[in-house]
Amino acid sequence: MDTTARLAGLRDRMRAQGVDLVVLAPSAHMDWLVGFHPLLCERPCLLLVGPEREAFLMPALNAEGSRESTAIPFHVWADDVGPVEAFAAALADVGSNSASHVVLDETMRIDFAALVLDALPGARRSFTDDTLSYLRMRKDHREYAALKMNALLADRAMQAGFAALRPGMTEKQLAAIIFDHFASEGARPDFAVVAAGSNGAFPHHHTGDRVLAEGDAVVIDIGGTKGGFPSDITRMAVVGRPPEGYGQIHTIVERAVQAALKAARPGALARDVDAAARKVITDAGYGEYFVHRTGHGMGIGGHEPPYITATSDTVLAEGMVFSIEPGIYIPGRFGLRLEDIVILREDGPEILSSLPRDVHVVAE
């Protein structure tokens with residue numbers, strides 16, 4: 001990662017947007033920009049990026065451990081003094097003690113934000129949409145390679161789950177097998193949503209002790225992290241004979257995926273991609289059962305811009321990475337979601353997974 005180049009790119013965006021100061025808390029934003037973040041706790045720890053210089057407001061307890069990760073200047077404060085004077089010194093150091101437009105990390109604790117705004121009364125405040133998030137949305141080749149590697153790893157974890165899936169096992173037992181596969185390849189397992197039968201009608205079901213039984217449709221949504229980048233994929237399995245109507249609904253959701261893929265082009269609005277998927281499902285009579293957005297961005301964060309929603313005016317561009325994951329959720333019966341992560345190329349989306357979206361059927 002080239003921190004110097006990323007700081008230069010951020011300053012270009014700051015000038016274009018009339019921003020005098022960007023303030024980041026320990027977060028994915030900070031990781032992306034400078035390659036690490038100190039421990040996040042109740043003690044204010046902030047990275048200040050001014051027009052020409054940058055500096056940290058650094059709790060004394062974090063200073064020694066953080067110094068090995070960066071040469072950026074520290075303004076250290078201790079518990080017996082508090083952060084106010086050190087923050088004022090950091091502002092002066094980066095040339096932003098009279099900033100009129102400050103960008104705040106939207107993931108920042110509210111007390112950290114109050115420290116910033118109290119020191120800059122009257123300053124206009126915005127979040128990172130047009131500066132740091134704008135830059136993060138456009139992935140470089142190194143980021144693409146890491147995301148592609150993780151997508152293929154998730155394919156293998158999903159296949160391990162398919163191979164082990166049997167009637168009589170619980171959702172938790174299947175999730176554990178998937179977690180074990182992530183770990184066996186050196187990845188950190190992040191989540192495994194296993195939702196069998198009627199549990200599948202809850203898009204964010206908490207994997208539990210339900211026993212997988214004959215006739216269950218099973219939503220399997222998994223992800224892990226390796227090398228600082230995540231994965232996210234959803235596929236479907238059926239135990240024995242599928243429930244009534246399953247095949248028809250799988251076809252509808254697959255058509256919605258295809259419509260979203262066709263709509264996802266550089267220059268398109270994110271909401272047009274959502275509309276393309278939603279139209280297929282609505283026209284088939286299941287619009288009320290598609291209860292979430294079509295997708296979310298992904299980079300070093302599992303959920304980050306761009307968000308593929310019905311209201312997003314984000315203009316899609318080459319290098320953006322996001323999910324396409326329409327679904328239909330029928331209360332009391334089953335749910336069905338198909339999810340792939342794509343990177344947008346000049347001629348359209350490239351799917352990072354190599355795993356087909358066909359349903360995996362467990363023989364009776």
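Above: the structure in question.
A brief structural summary.

Thresholds applied
- Residues numbered from 1 in each chain as written.
- Predicted model: local features only at pLDDT ≥ 70, side-chain atom pairs only at ≥ 80, totals over all residues.
- Heavy atoms only, no water.
- Core = buried A, V, L, I, M, F, W, Y, C linked by side-chain atoms within 4.5 Å.
- Buried < 20%, exposed > 50% of the residue type's maximum accessible area, 1.4 Å probe, protein only.
- Helix = DSSP H or I, 4+ residues; strand = E, 2+ residues; numbered from the N terminus.
- Salt bridge = Lys/Arg side-chain N within 4 Å of Asp/Glu carboxyl O.
- Axes fitted to C-alpha atoms, helices over the stretch in contact; angles between N-to-C directions.
- Parallel < 35°, antiparallel > 145°, perpendicular 65-115°, else oblique.
- Left-handed = near helix turned anticlockwise from the far one by under 90°.
- Contact = heavy atoms within 4.5 Å.
- Nonpolar A, V, L, I, M, F, W, Y, C, P; charged D, E, K, R; others polar.
- Pairing = 2+ DSSP bridges.
- Arc of directions from axis to C-beta.

Counting residues in each nonpolar core, the largest one holds 35 residues, and the members touching the most others are Ile249, Leu316, Phe322 and Ile328. By residue number, the principal contributor to this core is helix H9 (residues 246-263), which donates 8 residues. Membership of the second largest hydrophobic core comes to 24 residues, among which are Leu153, Leu174, Phe182 and Val218.

Moving on: the pattern of salt bridges. One side chain can pair with another of opposite charge once the charged atoms of both are near each other. As enumerated under the stated definition, the model contains 23 salt bridges in all. Put simply, glutamate 304 and lysine 139 hold a salt bridge, and the shortest N to O gap is 2.7 Å. Within this pair, whereas glutamate 304 is found in strand E12 (residues 304-308), its partner lysine 139 is found in the loop between helix H6 (132-136) and helix H7 (141-164), the two being separated by 165 residues in sequence. Judged on exposure class, the residue glutamate 304 and its partner lysine 139 are both buried. Residues arginine 357 and glutamate 254 are paired through a salt bridge, measuring 2.7 Å at the closest nitrogen-oxygen approach. Residue arginine 357 is located in the loop between strand E17 (348-351) and strand E18 (360-362), and its partner glutamate 254 is located in helix H9; the two are separated by 103 residues in the primary sequence. For arginine 357, a relative accessible area of 13% puts it in the buried group.

All right, on to the packing of helix H4 (residues 84-93) against helix H5 (residues 110-119) then. The N-to-C vectors of H4 and H5 enclose an angle of 60 degrees; their axes lie 11 Å apart at closest approach. In this view, H4 runs oblique relative to H5, as classed from their interaxial angle. The crossing of H4 and H5 is right-handed. Only Leu115, Val116 and Ala119 of H5 make contact with H4, whose side of the interface consists of Val84, Phe87 and Leu91. For the contact of H4 with H5, the class distribution of residues is 6 nonpolar, no polar and no charged.

Before going further, it helps to examine the sheet that holds strand E2 (residues 46-49). What holds strands together in a sheet is hydrogen bonding between their backbones, with the strands either parallel or antiparallel. Sheet architecture is open: 6 strands sit in the order E4-E3-E2-E1-E5-E6, paired in mixed fashion. Either end of the sheet is taken by a strand with one partner, and the two such strands are strand E4 (74-77) and strand E6 (124-126). Averaged over all neighbouring strand pairs, the angle between strand axes comes to 20 degrees, with direction disregarded. Alignment of strand E5 (residues 101-104) against E6, held across 3 bridges, turns out to be parallel. Bridge pairing in E6 links histidine 101 to arginine 124. Together, strand E3 (54-59) and E4 form the strand contacts of helix H3 (residues 60-67), whose direction differs from that of E3 by roughly 125 degrees.

Further remarks concern the side chain of arginine 136. Structurally, arginine 136 can be placed in helix H6. Sequence-distant contacts of arginine 136, that is, excluding residues within four places in its chain, are made with Ala28, His29, Trp32, Ile300, Gly301 and Glu304.

For the bond from proline 305 to proline 306, the omega torsion is 5 degrees, close enough to zero to count as cis. Secondary-structure assignment places proline 306 in strand E12.

Of the residues making up H4, those classed as buried are Ala86, Phe87, Ala90 and Leu91. In an axial view of H4, the angular spread of the buried residues amounts to 145 degrees, which keeps them on one side of the axis. Exposed side of H4, more than 90 degrees from the buried face: Val84 and Glu85 are the residues found there. The inward-facing, buried residues of H4 contact strand E1 (21-24), E2, E3, E4 and H5.

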